Amino acid sequence: HEHNWRAASVQLVKRMQTGESVAVVSDAGTPGIADPGTELVRACVAGGVRVEPVPGACAAVAAVSAAGLAGDGFAFRGFLPPKGA
């Protein structure tokens with residue numbers, strides 16, 4: 001939630017550091033892309049907690065969401081052309 005993500009992130013990271021599992025689920029696309037999920041991923045990385053994305057249609061989006069890089073913006077410019085094109 002946009003109003004409590006800082007406190008919730010700290011609490012969730014502490015729980016994961018003790019061995020609990022946490023899943024972030026969204027009904028609006030990949031969590032961590034243009035939402036507070038990015039900050040949770042950053043907190044996990046800082047706390048030494050492993051983040052595992054569940055890829056959807058685009059592996060690039062899964063990688064960006066798990067890296068905690070999408071909070072400031074993310075643009076996918078397409079795929080490289082096929083060899084010989």
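Heads up: the structure comes first, above all this text.
Reference entry: report on the structure contained in this document. (Residues numbered from 1 in each chain as written. Predicted model: local features only at pLDDT ≥ 70, side-chain atom pairs only at ≥ 80, totals over all residues. Heavy atoms only, no water.)

1. Looking at helix 1 (residues 5-17)
- With 13 residues, helix 1 extends 18 Å from end C-alpha to end C-alpha; this agrees with the ideal 18 Å at 1.5 Å per step.
- Taken together, the buried positions of helix 1 are occupied by Ser9, Val13 and Met16. Taken around the axis of helix 1, the buried residues stretch over an arc of 65°, which confines them to a single face. Among the exposed residues of helix 1, those oriented more than 90 degrees off its buried face are Ala7, Gln11 and Lys14.
- Lining the buried residues of helix 1 we find helix 2 (37-46).
- Note on helix 1: the residue one or two positions beyond its end, Gly19, has a positive phi of about 110°. (Helix = DSSP H or I, 4+ residues; strand = E, 2+ residues; numbered from the N terminus. Expected span 1.5 Å × (residues − 1). Buried < 20%, exposed > 50% of the residue type's maximum accessible area, 1.4 Å probe, protein only. Arc of directions from axis to C-beta. Contact = heavy atoms within 4.5 Å.)

2. Considerations on the pattern of salt bridges
- Counted by the stated rule, this structure contains 3 salt bridges.
- Across the pair Glu39 and Arg42 runs a salt bridge, and its minimum N-O distance is 3.0 Å. Of the two residues, Glu39 and Arg42 are both situated in helix 2; the distance of 3 residues between them amounts to about one turn of the helix.
- A residue is classified by how much of its surface remains accessible, and Glu39, at 25% relative accessible area, is partly exposed.
- The residue Glu52 makes a salt bridge to Arg50 at a minimum N-O spacing of 3.6 Å. (Salt bridge = Lys/Arg side-chain N within 4 Å of Asp/Glu carboxyl O.)

3. Considerations on the nonpolar core
- Counting 5 residues, the largest nonpolar core is built from Val13, Met16, Leu40, Cys44 and Val49.
- Among the elements of the structure, helix 1 and helix 2 are those that each provide at least two residues to this core. (Core = buried A, V, L, I, M, F, W, Y, C linked by side-chain atoms within 4.5 Å.)

4. Details of the environment of Leu12
- Following the sequence through the fold, Leu12 ends up in helix 1.
- Between the C-alpha atoms of Leu12 and Cys44, which are 32 residues apart in sequence, the distance is 8.7 Å.
- Leave out the neighbours within four places in its chain, and Leu12 touches Val22 and Leu40.

5. Thoughts on the layout of surface pockets
- In this structure, the largest pocket occupies an estimated 450 Å³ of space.
- As for the largest pocket, its lining consists of 23 residues, of which Val24, Pro31, Val51, Glu52 and Pro53 are closest to the centre.
- Among the elements of the structure, helix 2 and helix 3 (59-67) are those that each provide at least two residues to the lining of the largest pocket.
- Sorting elements by how many residues they give to the lining of the largest pocket places helix 2 first, with 4 residues.
- Taken together, the residues of the lining of the largest pocket break down into 15 nonpolar, 6 polar and 2 charged. (1 Å grid on protein atoms, 1.4 Å probe; cavity = no way out; pocket = protein on both sides within 12 Å on 5 of 7 lines; lining within 4 Å. Points joined across faces, edges and corners; volume = space filled by probe spheres on them. Nonpolar A, V, L, I, M, F, W, Y, C, P; charged D, E, K, R; others polar.)

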